[in-house]
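Residue-level listing of the chains:
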Amino acid sequence: QVQLVEFGGGLVQAGGSLRLSCVADNVRILINAMGWYRQAPGKQRELVATISRGGWTNYADFARGRFTISRDNAKNTVDLQMNSLRPEDTAVYYCNAVDALRRDFWGQGTQVTVSS
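What comes next concerns the included structure. Keep in mind that what you see is a predicted model, and the values were worked out from it rather than measured.

One pass over the full model with this rule turns up 2 aromatic pairs. Between Phe62 and Phe67 the ring centres are 6.5 Å apart and the planes differ by 80°, which places this aromatic pair in the edge-to-face class. Between Arg45 and the ring centre of Tyr94, over which it is positioned, the NZ or CZ distance is 3.7 Å. Residue placement shows Arg45 over the ring face of Trp106; its charged tip is 4.6 Å from the ring centre.

Rendered as structure tokens:
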């Protein structure tokens with residue numbers, strides 16, 4: 001069973017930056033897509049950004065131009081650089097990975113709080 005562990009959440013002022021990192025452990029089958037999702041209180045979980053094994057990226061409209069997703073296939077890690085953060089970016093951010101059998105794995109989530 002793949003385990004995803006996130007790092008890097010915290011409290012930041014509006015306009016600031018944070019970098020989230022996620023490492024996939026106990027990987028036995030190739031990891032294809034990796035990504036980040038978020039869930040704010042009272043809202044559904046939503047996509048932030050995904051990246052394929054070949055580096056193709058997909059961003060939510062709110063993330064495009066402010067967030068950058070990257071990955072290291074050899075280390076099974078995925079990062080999310082978040083710049084120009086806004087209070088509405090406050091949420092729990094979850095790392096996601098999909099393996100070659102199309103199984104979904106989720107991290108435990110890391111809190112990001114942006115103060116105004």
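Position of Ala100 among the secondary structure elements: in the loop between strand E9 (91–99) and strand E10 (104–106). For Ala100 and Leu4, which are 96 residues apart along the polypeptide, the C-alpha to C-alpha distance reads 16 Å. For Ala100, the contacting residues outside a window of four places in its chain are Ile29, Leu30 and Asn32.

Across the two faces of strand E7 (residues 67–72) the burial differs, with Phe67, Ile69 and Arg71 buried and Thr68, Ser70 and Asp72 not buried at all. Here E7 folds back onto strand E8 (residues 77–82), and the loop between the two strands holds 4 residues, one of which, Asn76, carries a positive phi near 55°.

Scoring rules and cut-offs
Residues numbered from 1 in each chain as written. Predicted model: local features only at pLDDT ≥ 70, side-chain atom pairs only at ≥ 80, totals over all residues. Heavy atoms only, no water. Phe/Tyr/Trp six-rings, centres within 6.5 Å; stacked < 30°, edge-to-face > 60°. Lys NZ or Arg CZ within 6 Å of the ring centre and 35° of its normal. Helix = DSSP H or I, 4+ residues; strand = E, 2+ residues; numbered from the N terminus. Contact = heavy atoms within 4.5 Å. Buried < 20%, exposed > 50% of the residue type's maximum accessible area, 1.4 Å probe, protein only. Pairing = 2+ DSSP bridges.

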